[in-house]
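Residues per chain, in single letters:
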Amino acid sequence: MSKLDQILILDPPSDLRFKGPFTDVVTTNLKLRNPSDRRVCFKVKTTAPRRYCVRPNSGVIDPGSSVNISVMLQPFDYDPNEKSKHKFMVQTIFAPPNVTDMESLWKDAKPDDLMDSKLRCVFELPSENDKVNDVEATRAAPMMNSVKAESSAAAVPVAAGADDVEMKKVVEKCKRLQAELNKLSEENRQLKDEGLRMRKMPRSDHMTPNSTSLLGREASAASLPSLLVVIAAIFIGFFIGKFIL
């Protein structure tokens, strides 16, 4: 019986390319797609297991689904004259119904049921154009940050000036309201003194119109400042809240 062809579609199909410099971890991606109507188990192997980290390195792909695999090359001293001999193999098998023990599945699998695809590793150093672009981008970043900082600094005085004008208006309004409150308090005090004098005078059974009017004015004057204080407090709170926010 001939070996089965790989059922999964690999992207990339044959090469895993790693772009240096290799002083840090370099990651490339491998996509596995299952175009069949059956579930497929997969396992990723490599000839250099200590040099790579693969996530996930095994699993099950449902019909019509795909999985992305991250292949991470560990840092190493790259020699351009040394040809890479590292290879990967994606091994697959159709998943039996209700599979749970993946280890036993691969251990007991018959060679004729297995499918595989091989990929070679290609190491690439950045081109001169890429290096120039990286340098220019590094140089441009501080300039862009400087422009942003200058724009922010230029906007601050304008906002501060507007806040100063608004604050002066609020202060002037507060002064006027305070003067009015002082005036009303003085009038209220005078009316209270006059009312006390009226109470101390001998009472008659019939109050004159003038005394009735005076008592009415006293009652009104007693309640008027309290109302004005509440209105003034609301007015001042509104302007101060507007300035702060």
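Computed from a predicted model, the values in this text were never measured in an experiment. (Residues numbered from 1 in each chain as written. Predicted model: local features only at pLDDT ≥ 70, side-chain atom pairs only at ≥ 80, totals over all residues. Heavy atoms only, no water.)

Caption draft 1: Examining the nonpolar core more closely. Among the nonpolar cores identified, the biggest contains 25 residues, and Phe18, Leu32, Tyr52 and Phe88 are the most heavily contacted of them. Of all elements in the fold, only β2 (15–19), β3 (26–33), β4 (40–46), β5 (52–55), β7 (66–73), β8 (87–94) and β9 (115–124) reach the threshold of two or more residues within this core. No other element matches β7, which puts four residues into this core. (Core = buried A, V, L, I, M, F, W, Y, C linked by side-chain atoms within 4.5 Å. Buried < 20%, exposed > 50% of the residue type's maximum accessible area, 1.4 Å probe, protein only. Helix = DSSP H or I, 4+ residues; strand = E, 2+ residues; numbered from the N terminus.)

Caption draft 2: Layout of the packing of aromatic side chains. Considering all chains together, one arrives at nine aromatic pairs under this definition. Ring centres of tyrosine 78 and phenylalanine 123 lie 6.4 Å apart, and the angle between their planes is 80°; this geometry places the pair in the edge-to-face category. Here phenylalanine 123 lies in strand β9 and tyrosine 78 lies in the loop between β7 and β8, a separation of 45 residues in the sequence. Owing to a relative accessible area of 25%, tyrosine 78 belongs among the partly exposed residues under this scheme. For phenylalanine 123, a relative accessible area of 16% gives the class buried. (Phe/Tyr/Trp six-rings, centres within 6.5 Å; stacked < 30°, edge-to-face > 60°.)

Caption draft 3: Region of interest: the sheet that holds strand β6 (residues 58–61). With mixed pairing, the five strands of this open sheet are ordered in space as β2-β9-β8-β4-β6. Each edge of the sheet is formed by a strand with only one pairing partner; in this case those strands are β2 and β6. Between one strand axis and the next, the sheet turns through 25° on average, direction left out of account. Both β2 and β9 contribute to a ladder of five bridges, which runs parallel. (Pairing = 2+ DSSP bridges. Axes fitted to C-alpha atoms, helices over the stretch in contact; angles between N-to-C directions.)

Caption draft 4: Seen up close, unusual backbone geometry. A cis amide bond links glycine 20 to the next residue, proline 21, at an omega of 10°. Its place among the elements puts proline 21 in the loop between β2 and β3. Look at the link from arginine 55 to proline 56: it is a cis peptide, with omega at -15°. In this structure, proline 56 sits in the loop between β5 and β6.

Caption draft 5: Representation of the pattern of salt bridges. In this structure the tally under the stated criterion is five salt bridges. The partner of arginine 17 in a salt bridge is aspartate 15, with the nearest N and O atoms 3.7 Å apart. Among the residues examined, arginine 17 registers a relative accessible area of 41% and is labelled partly exposed. Taking the shortest distance from any N to any O, the salt bridge between arginine 120 and aspartate 15 comes out at 3.0 Å. Of this pair, arginine 120 sits in strand β9 while aspartate 15 is found in strand β2, placing the two residues 105 residues apart along the sequence. A relative accessible area of 44% means that arginine 120 is categorised as partly exposed. Residue aspartate 15 is classed as buried on the basis of its relative accessible area of 15%. Linked by salt bridges that have partners in common, Asp15, Arg17, Arg120 and Glu124 make up one network. (Salt bridge = Lys/Arg side-chain N within 4 Å of Asp/Glu carboxyl O.)

Caption draft 6: Structural context of the layout of surface pockets. Space inside the second largest pocket adds up to approximately 180 Å³. Considering the residues around the second largest pocket, the lining is formed by Tyr78, Pro80, Glu82, Lys83, Ser84, Lys85, His86, Lys87, Arg120, Cys121, Val122 and Phe123. When residues of the lining of the second largest pocket are assigned to their parent elements, the largest contribution, four residues, is made by β9. Grouping the constituent residues of the lining of the second largest pocket by class yields five nonpolar, two polar and five charged. (1 Å grid on protein atoms, 1.4 Å probe; cavity = no way out; pocket = protein on both sides within 12 Å on 5 of 7 lines; lining within 4 Å. Points joined across faces, edges and corners; volume = space filled by probe spheres on them. Nonpolar A, V, L, I, M, F, W, Y, C, P; charged D, E, K, R; others polar.)

Caption draft 7: Looking closely at the side chain of aspartate 15. At 3.0 Å, the side chain of aspartate 15 forms a polar contact with the side chain of arginine 120. Non-local contacts of aspartate 15, meaning those with residues more than four positions away in its chain, are made with Leu119, Arg120 and Val122. (Polar contact = N/O pair within 3.5 Å; in protein donor to acceptor, adjacent residues only side chain to side chain. Contact = heavy atoms within 4.5 Å.)

Caption draft 8: Focus on the sheet that holds β5. Pairing in this open sheet of four strands is antiparallel, and the strands run β1-β3-β7-β5 from one edge to the other. Two strands lie at the open edges of the sheet, namely β1 (9–11) and β5, each paired on one side alone. Direction aside, neighbouring strands of the sheet carry axes that sit 20° apart on average. Across four bridges, the pairing between β5 and β7 is antiparallel. Bridge pairing links arginine 55 to serine 70 in β7.

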